[in-house]
Amino acid sequence: MFSELESKSDLEHAHSYAKSYVDGIFDRTVTPTEETLKHLERFEEALPQKQGNSEEILSLLHNYGGPNTVATLGGRYFGFVTGSSLPITLAAKTLSTVWDQAPAMRVISPIGSKLETIVEQWLQQLFKLPQNTAAGFVSGTSLANFSGLAAARFHQLEKLGWNVNEKGLNGSPKLRIITGDHAHSTVIKAISLLGFGYKNIEWVPTDDQGRIIPAEIPELDASCILILQAGNVNSGSFDNFDVICEKAAERGAWIHIDGAFGLWARATKNLGHLTQGMEHAHSWAVDAHKTLNTPYDNGIVLCKQPEALKSALHMTGSYIVTSQERDGMFYTPEMSRRARIVELWAALKYLGAEGINELVETMHQRALQFRDEILKIESFEVPNEVVFNQVLVCCGTDELTQSTLFNVQEMRECWAGGSQWENKKVIRVSICSWATTEEDISRTVASFRKAINTAKNN
Ligand SMILES: *Cc1c(COP(=O)(O)O)cnc(C)c1O
């Protein structure tokens, strides 16, 4: 094994396979064909008993793993809100993979600690948040929501004279959890994990775009945690922070914002208005692996009350070595985690504030282009206001929508998923890749046209 590291042959093989994967990414079908999927059988074997051959392992991965990926790196994948990866971030991740750093403590990774410190400051500026806002670098918005809400739980109960770390929730003062009926399922999961019980949520009705109706928010006080959303996972809509946040904060409620992909609107010139007023919140969750286009996995929790976040996620041990500088594990639920900060730092350093503005605004422009082109085709409708990067499409009847979607997916020229919107089946198109060109949009629209025509003729 030592000789493999010494000769670096494995690294060289991996490197050349990676290059050839990237070479084909823009031309291949977006999802693997049935034929290709059959090759997954090659991975079925009993637990190996003897030492393997590293060349063989890599070649198996390259030949039968690579083709069975989904081409999310390319420009015509519109599923979920997946996002591609900027080339610089793939390269930086490759390097940091070999470094194999776990920035739990500075003593384990000085570079990890330094980059986390720098990026925390950059994010404060980029998102126009107070200077002392703390950042924790987690796997994604699921954990960022969890962490922000853990900070909220700690802080709100502490104000009521209860230390939740010591005493738990049994017998604690009651906290009220308030959110919109379009809250993302990871918010609900975090609420369950934190012991609040999702049946105790006070649901606020939403309008036809999925935005909380401000007048429907119940009377708030210091026992409340209010959860808002920047970027509805279907329509892309934003809650009206300007009307809601300042007043709610004055009442003593903790406001957490799930901005998995939408928070990046705040880093733009022309879409920043969508996030106006969210500076009055207390914690924010955002992904780098979606709109910013870093590789998976990369999420961030931001918290205006660093002490609440650190207290909620605190841990000790006789062998732990803390430093005067940043020890990352005090800001995340995990102790060990990979140094995903390297790719995040690389993305921010490469793009700069201007590049981020352009990246995000271009996604919005492509979404508008898609809406305009698809509306020129008979039977297609777009039921949402395209305020950001999400476009919903339906075709008159649920049946026609579903068979159109089926045909789109079968053709593999692009990929979009389905969803339900206002009691109607819809096709969900999420434009969140740096690689999506105007031509990609037109090719996608052409694919949708073919799909609906085939559906109508059957
Ligand atoms: C994607 C998403 C999440 C979950 O984020 P992960 O990074 O997948 O954990 C939460 N909320 C919204 C609005 C999302 O779009």
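Residues numbered from 1 in each chain as written. Predicted model: local features only at pLDDT ≥ 70, side-chain atom pairs only at ≥ 80, totals over all residues. Heavy atoms only, no water.

> Even after reading the chapter, I still don't get unusual backbone geometry, so can you show me in this structure?
In most cases, non-glycine residues show a negative phi, while peptide bonds are predominantly trans. Omega for the peptide link from Tyr-296 to Asp-297 comes to -15°, which places this bond in the cis form. Even without being a glycine, Phe-80 presents a positive backbone phi close to 45°. One non-glycine residue, Asn-423, lies in the positive phi region at around 65°. For Asn-423, the location among the structural elements is in the loop between strand E9 (417–421) and strand E10 (424–430). According to the relative accessible area criterion, Asn-423 is exposed, its value standing at 71%. (Helix = DSSP H or I, 4+ residues; strand = E, 2+ residues; numbered from the N terminus. Buried < 20%, exposed > 50% of the residue type's maximum accessible area, 1.4 Å probe, protein only.)

> For this particular structure, what's the right way to read the side chain of Arg-266?
The topology assignment puts Arg-266 in the loop between strand E5 (254–258) and strand E6 (283–287). Here the side chain of Arg-266 touches Thr-275 through a polar contact of 3.0 Å, landing on its backbone oxygen. Once you skip the residues sitting within four places of it in the chain, Arg-266 turns out to touch Leu-126, Phe-127, Lys-128, Leu-129, Gly-272, Thr-275, Gln-276, Met-278 and Glu-279. (Polar contact = N/O pair within 3.5 Å; in protein donor to acceptor, adjacent residues only side chain to side chain. Contact = heavy atoms within 4.5 Å.)

> So what exactly am I meant to see when it comes to the sheet that holds strand E4 (residues 224–229) here?
What holds strands together in a sheet is hydrogen bonding between their backbones, with the strands either parallel or antiparallel. On the basis of which strands lie adjacent, the open sheet formed by seven strands has the order E1-E7-E6-E5-E4-E2-E3 and mixed pairing. Only two strands of the sheet have a single partner each, and these edge strands are strand E1 (134–138) and strand E3 (202–204). The mean angle between the axes of side-by-side strands here comes to 20°, regardless of whether they run parallel or antiparallel. Here strand E2 (residues 176–180) pairs with E4 via four bridges, running parallel. If you follow Ile-177 over to E4, its bridge partner there is Ile-225. Where helix H6 (residues 110–126) meets the sheet, it contacts E1 and strand E7 (299–303), and its direction lies at approximately 120° from that of E1. Strands E1, E4, E5, E6 and E7 of the sheet are contacted by helix H7 (residues 141–159), whose axis makes an angle of about 180° with E5. (Pairing = 2+ DSSP bridges. Axes fitted to C-alpha atoms, helices over the stretch in contact; angles between N-to-C directions.)

> Would you mind going over the pattern of salt bridges with me for this structure?
Oppositely charged side chains can form a pair if their charged atoms are brought close together. Summed over the entire model, instances satisfying the criterion amount to 20 salt bridges. Across the pair Glu-120 and Arg-326 runs a salt bridge, and its minimum N-O distance is 3.0 Å. Taken as a pair, Glu-120 in helix H6 and Arg-326 in the loop between helix H11 (306–312) and helix H12 (341–375) lie far apart in primary sequence, 206 residues in all. What makes Arg-326 buried here is its relative accessible area of 7%. Across the pair Lys-290 and Asp-287 runs a salt bridge whose closest N-O atoms are separated by 3.4 Å. It is possible to trace a salt-bridge network through shared partners that takes in Glu-116, Glu-120, Arg-326 and Arg-337. (Salt bridge = Lys/Arg side-chain N within 4 Å of Asp/Glu carboxyl O.)

> Explain a nonpolar patch on the surface to me, please; I cannot follow it from the model alone.
Together, Leu-37, Leu-40, Phe-43, Ile-57 and Leu-61 line one region of the surface with nonpolar side chains, adding up to about 410 Å² of accessible area. As for its position among the elements, Leu-40 is in the loop between helix H3 (34–38) and helix H4 (54–65). Residue Leu-40 is classed as partly exposed on the basis of its relative accessible area of 38%. (Patch = residues over 30% accessible without salt bridge, like charges linked within 9 Å, V, L, I, M, F, W, Y side chains within 5 Å. Areas by Shrake-Rupley, 256 points an atom, 1.4 Å probe, with all protein chains shown as cover.)

> Would you mind showing me how to read the packing of aromatic side chains here?
What describes a pair of aromatic rings is the distance from one ring centre to the other and the angle between the planes of the rings. Going through the model one piece at a time under the given rule, you end up with seven aromatic pairs. Between the aromatic rings of Phe-238 and Phe-388, the centroid separation amounts to 5.6 Å while the plane-to-plane angle is 85°, which identifies the pairing as edge-to-face. With Phe-238 in the loop between E4 and helix H10 (241–250) and Phe-388 in the loop between H12 and strand E8 (390–393), this residue pair connects regions lying 150 residues apart in the sequence. Seen from their ring centres, Phe-370 and Phe-448 are 5.4 Å apart, and the 80° between their planes marks the pair as edge-to-face. (Phe/Tyr/Trp six-rings, centres within 6.5 Å; stacked < 30°, edge-to-face > 60°.)

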